[in-house]
Amino acid sequence: MKRACIITLGCRLNHADTALLTDRLQKAGYALVPTPEDHPELIILNSCAVTAEAERKSRQQIRRLRRLCPGAEIVAAGCAAELAPEQMRACGADRVWSNPGKKRPEEACRRSRDLTAENFTENAVGEFPFRTRAFIKIQEGCDNRCAYCIVPTVRGPSRSRRFSECVEDCRHAVANGVPEIVLTGVNTCAYQDGGRSLADLIRVVAALPGEFRIRLSSTEPHPDDLTLVRLIAAPEHRLCRFLHLSMQHGSDRILRAMRRNYTADQFRRYADAARKTVPDIHLGTDFIVGFPGETDADFAELLRVAREAAFANIHAFAYSPRPGTPAAALPDRVPPAVVRARMAQLREVAAQNAAEFAARQRGKILPVILERESGGFQRGWSDNYLELRVPAGKFPLRRIVSIRADEKNLAERLQTVPDGDIL
């Protein structure tokens with residue numbers, strides 16, 4: 001039996017795509033192995049292009065794989081392959097698959113641009129042979145056309161996966177003992193199929209028999225819509241006390257230039273309402289630093305909102321122009337040295353917020369899934385995304401267990417999700 005290895009970069013949606021691709025490869029007769037060191041005949045890089053740095057890392061990974069496995073067939077797939085296929089070939093990829101091509105690996109040697117706005121099926125279920133969480137793809141693409149973002153180009157317009165197939169994929173994951181289901185998409189809040197919304201899907205999935213919990217990936221709810229918060233507050237819906245809200249900036253002037261359709265105050269009020277309804281909710285966000293025209297005053301507003309909204313984790317990105325986006329042609333670029341200094345300031349605020357959130361959880365009993373064992377400890381994550389550790393052998397792995405948080409088990413750095421981890 002031929003062996004295949006899939007390496008995944010970037011967002012949770014990419015990880016969900018990898019799980020579906022795993023099922024398709026297994027049906028095609030491949031045995032999946034976890035690393036290139038296992039000498040697979042086929043290696044697929046599921047790449048990322050959300051920033052220039054992510055695209056650079058994708059090309060770097062292809063070159064590394066070519067050096068490491070000179071005899072393997074190397075396929076570049078995903079967003080960087082969609083955006084710049086010839087560059088991926090020049091780095092050593094034998095074949096390039098577009099995002100639609102990942103659905104048809106047996107046909108994907110030719111480039112496909114089948115990115116329509118119709119709802120879709122995957123005709124596969126997610127397989128997670130090396131993971132605790134099941135990333136379930138429910139939505140694809142985006143209609144927002146934010147000034148800085150390349151996602152609509154590489155992922156196409158917003159469309160949703162058929163309701164019944166989403167439920168079946170979740171059912172399959174639970175039947176295979178996965179303790180956490182992560183519903184993911186470019187924007188999960190845009191989910192809509194046959195008049196059924198994300199809230200409807202959550203209610204049906206939560207009613208499935210089994211011991212599991214549900215987590216949402218990055219969301220963009222309307223600032224006046226607290227539906228998701230109310231679902232999190234109701235235990236029967238099994239939702240983790242977690243929302244990652246993509247704010248992007250704290251200055252209204254920059255938000256308008258980014259083509260984001262809300263104000264900073266609306267976002268802060270949403271965070272306040274969420275925390276009032278679910279007191280220990282983990283709220284995370286993304287911020288872009290150094291967007292063209294960003295002044296000291298704009299950045300001061302970003303820092304103010306970051307502190308006032310008390311985000312438990314902040315993913316900070318330095319702005320990088322993506323060719324073909326409106327922002328790439330804007331003047332008034334922020335000097336790199338200024339961007340680096342501002343990034344350092346934002347990281348200080350992020351570290352303080354994270355430590356304060358973790359400290360507030362001391363003494364509380366948290367539902368935790370312990371995922372791995374190393375160095376004499378078991379480690380895992382609470383539903384509100386704090387990393388905890390306990391002595392090895394104390395609890396079963398891959399089960400939801402109750403652990404009282406204290407200074408000893410709240411990991412070494414009182415950390416929440418480290419900067420750069422997928423959300």
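The residue numbers shown here count from 1 along each chain, following its written sequence. Where local features are concerned, this predicted model is filtered to residues with pLDDT of at least 70; where side-chain atom pairs are given and counted, the filter is 80 or more; whole-chain, interface and lining totals use all residues. Only hydrogens and water are removed before side-chain values are computed, so all heavy atoms of the structure are retained for them.

Some details on the sheet that holds strand β14 (residues 282–289)
Worth spelling out the cut-off: We call two strands paired when DSSP finds no fewer than two bridges between them. Counting from the N terminus, the helices are the DSSP runs of H or I reaching at least four residues and the strands are the DSSP runs of E reaching at least two. Axes, fitted as lines to C-alpha atoms, cover a helix only where it is in contact. Angles between the N-to-C directions of the axes lie from 0 to 180 degrees. The contact definition used throughout considers only heavy atoms, calling two residues in contact when any of these lie within 4.5 Å.
Across the sheet, three strands lie side by side as β13-β14-β15; this open sheet has parallel pairing. The open sheet terminates on both sides in strands that have one partner only, identified here as β13 (242–248) and β15 (313–318). Across the sheet, the axes of successive neighbouring strands diverge by a mean angle of 15°, strand direction being ignored. Here β14 pairs with β15 via six bridges, running parallel. The partner of phenylalanine 287 across the bridge, within β15, is alanine 316. Against the sheet, helix α11 (residues 296–308) engages β13, β14 and β15, with an angle of about 170° to β14.

With respect to the pairing of strand β4 (residues 73–78)
The criterion, for reference: With a 1.4 Å probe rolled over the protein chains alone, any residue whose accessible area is under 20% of its type maximum counts as buried; one over 50% counts as exposed, and the rest are partly exposed. If you view a crossover with the strands going away from you and the path from the first strand over the helix to the second runs clockwise, you call it right-handed.
Burial analysis of β4 places five of its six residues in the buried class, which makes it a mostly covered element. Summarising the sheet, strand β3 (residues 42–47) and β4 pair through six bridges and their orientation is parallel. Bridge pairing links serine 47 to glycine 78 in β4. Following the chain from β3 across helix α2 (residues 52–68) to the adjacent parallel β4, one finds a crossover that is right-handed.

As for helix α10 (residues 264–277)
At 3.6 residues per turn, the α-helix brings residues three or four places apart onto the same side. Definition in use: Multiplying 1.5 Å by the helix residue count minus one yields the expected span of that helix.
An ideal rise of 1.5 Å per residue puts 20 Å on 14 residues; α10 measures up with 20 Å between its terminal C-alpha atoms. On its buried face, α10 is in contact with α8 (227–233), β13, α9 (252–258), β14 and α11.

Re the packing of aromatic side chains
Keep this limit in mind: Working definition: a ring pair exists when centres of Phe, Tyr or Trp rings (six-membered ring for Trp) sit within 6.5 Å. Plane angles under 30 degrees give stacked, over 60 give edge-to-face, the rest tilted.
One pass over the full model with this rule turns up five aromatic pairs. Between phenylalanine 287 and phenylalanine 311 the ring centres are 6.0 Å apart and the planes differ by 75°, which places this aromatic pair in the edge-to-face class. In this pair, phenylalanine 287 is assigned in strand β14 and phenylalanine 311 in the loop between α11 and β15, connecting sequence segments 24 residues apart. For the pair phenylalanine 287 and phenylalanine 311, a shared accessibility class is recorded, and that class is buried.

What about the environment of proline 336?
Looking at the secondary structure, you find proline 336 in helix α12 (residues 336–360). The exposure class of proline 336 is exposed, given its relative accessible area of 56%.

As for the nonpolar core
Condition: As used here, the term nonpolar core means buried Ala, Val, Leu, Ile, Met, Phe, Trp, Tyr and Cys residues forming a set that is joined through side-chain atoms within 4.5 Å.
If you look at the biggest cluster of nonpolar residues, it comprises 63 residues, and the most contacted ones within it are Leu183, Leu243 and Leu346. Those residues within four positions of leucine 346 in sequence are excluded, and the remaining contacts are Phe287, Val289, Phe299, Leu302, Leu303, Ala306, Ile314 and Ala316. By size, the runner-up hydrophobic cluster in this structure holds 24 residues, among which are Cys5, Leu45, Ile74 and Ala76.

Quick word on unusual backbone geometry
Of note, arginine 238 is a non-glycine position whose phi angle comes to about 60°, a positive value. Position of arginine 238 relative to the elements: it lies in the loop between α8 and β13. Judged by its relative accessible area of 22%, arginine 238 falls in the partly exposed class. One non-glycine residue with positive phi stands out, namely glutamine 248, at about 80°. Note on placement: glutamine 248 falls in strand β13.

Overview of the side chain of serine 158
Note the threshold: Pairs of N or O atoms within 3.5 Å make up the polar contacts considered here, provided that, within protein, one atom can donate a hydrogen while the other can accept it, and that residues adjacent in sequence are counted only when both atoms are side-chain atoms.
Structurally, serine 158 is set in the loop between α5 (151–155) and β8 (159–160). The class for serine 158 is buried, based on a relative accessible area of 17%. Side-chain polar atoms of serine 158 contact the side chain of glutamine 139, separated by 3.1 Å. Those residues in contact with serine 158, other than ones at most four positions away along the chain, are Ala117, Gln139, Glu140, Gly141, Cys142, Asp143 and Ala190.

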